[in-house]
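Residue-level listing of the chains:
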Amino acid sequence: MRAWYLSEDADHPEMTSVDESSLPDGEVTIAVTHSSINYKDALALLGKAPIARKKPMVLGIDAAGTVLSDTTGTLTAGTPVVVNGGGLSETRWGGYAERIVVPADLVIPLPGRFSPADAMAIGTAGYTAALCVSALEEAGVKPEDGTVLVTGATGGVGSVAVSLLSKKGFAVAAATGRTDERDYLVDLGAKEIVDRSELQGKLRPLGKQRWAAAVDVVGGTVLANVLSMMNYGGKVAATGLAGGMDLPASVAPFILRGVHLLGVDSVQAPREKRESSWRLLEEVLPPEHLKHIASTVSLAEVKDTAAKLLDGKIKGRVVVSVAA
């Protein structure tokens, strides 16, 4: 089978032919038709971060396709399914291959309105956006509370978050360094465009109160500034580190304004959260937005596309056609 494979003695992966007999043991074998390129995938493909925690490894944190076999007897052959996170590309062979074998608990039957290509137009990024929206709602955030900020809004998580929040009736402010993509963000439902530079300046312990809630995918100074600008009792769902893993923040927003920082993890999220996120996406994400967000590349093109993603030249989501 063709795969992006990181061998035991290599620092960078290569696309090569891998014997299917090398596939690790597992419960569900899937014929992969589509994957996607997420920020973590780009880091792994270009050797920018040690995403793979063991070798050899097949990269790709997403996979969608159809079941070939299930030793648990839960899923029948031919069932369309999706797998997000769960250690793919880190501790388990991932989706940049024509076959994958994974534990049954990670496999989610696709909601009826989504094809495998649709599922990868959503991918881990969109699934994470759904987790963030759910986290805000579970924390009590309502549309009448005020505007919700989304950082990194032209990226995968940000694009889907803007779409979901706007369709749920929230007024969305979309923060981006690519203000030339205003029309794209407005089409997804953004009511306001915020230049990222407004969130990258010198940190104040407390800034002007601007937002009732936020979805942050950037981290670092941007997240610290967002926290300082939240309304009293504001909620921030944080799920990314594109701007760095550090958080040079003050405790002032937490102890003087009662701001809540909600950590959102997509990798180890329990099955019930995975299933509820896909239900949310099925119910709320407009089909026209899904088409607007996604572009498609072949398996051979993923490394070049990953470089463009890290350079900030990709908007929305990138689907990988594994069979192409």
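Everything below is about the structure printed above this text.
Here we summarise the structure given alongside this text. Quantities reported herein were computed from a predicted structural model and do not represent experimental measurements. (Residues numbered from 1 in each chain as written. Predicted model: local features only at pLDDT ≥ 70, side-chain atom pairs only at ≥ 80, totals over all residues. Heavy atoms only, no water.)

## Considering the environment of Glu-301
Note the cut-off: Labels follow the DSSP assignment, with helices taken as runs of H or I lasting at least four residues and strands as runs of E lasting at least two, numbered in each case from the N terminus. Think of it in three bands: residues with accessible area under 20% of the maximum for their type are buried, residues over 50% are exposed, and the middle band is partly exposed, with areas taken using a 1.4 Å probe on protein chains only.
Note on placement: Glu-301 falls in the loop between strand S15 (294-298) and helix H9 (302-310). By relative accessible area, which is 39% here, Glu-301 ends up partly exposed.

## Re the sheet that holds strand S1 (residues 2-6)
Note the threshold: If DSSP finds at least two bridges between two strands, the strands pair.
Taken together, three strands build an open sheet; the order of strands is S2-S1-S4 and the sheet is antiparallel. For this open sheet the edge positions go to strand S2 (14-17) and strand S4 (57-58), each flanked by a neighbour on one side alone. Bridging between S1 and S4 involves two bridges; their strand directions are antiparallel. By the bridge assignment for S4, Tyr-5 is matched with Val-58.

## Thoughts on the side chain of Ser-159
Here is the rule: Contacts: residue pairs with any heavy atoms within 4.5 Å of one another.
For Ser-159, the location among the structural elements is in helix H3 (residues 156-167). What makes Ser-159 buried here is its relative accessible area of 0%. Residues in contact with Ser-159, not counting those within four places in the same chain, are Ala-153, Thr-154, Tyr-184, Leu-188, Ile-293 and Gly-316.

## Quick word on the packing of aromatic side chains
As a reminder of what qualifies: Pairing of aromatic side chains requires ring centres within 6.5 Å, counting the rings of Phe and Tyr and the six-membered ring of Trp. Pairs whose planes differ by under 30 degrees are stacked, by over 60 edge-to-face, and all others tilted.
On inspection of all chains with the given rule, the structure shows two aromatic pairs. Plain terms: the ring middles of Tyr-5 and Trp-93 are 6.0 Å apart, the flat faces sit at 80° to each other, and that makes the pair edge-to-face. Linking Tyr-5 in strand S1 with Trp-93 in the loop between strand S6 (80-84) and strand S7 (99-102), this pair joins segments that are 88 residues apart in sequence. On the basis of relative accessibility, which here comes to 9%, the residue Trp-93 falls in the buried class. When the centroid spacing of 6.1 Å and the interplanar angle of 75° are considered together, the rings of Phe-114 and Trp-278 count as edge-to-face. One end of the pair, Phe-114, is in the loop between strand S8 (108-109) and helix H2 (116-138); the other, Trp-278, is in helix H7 (residues 271-284), and 164 residues separate them in sequence.

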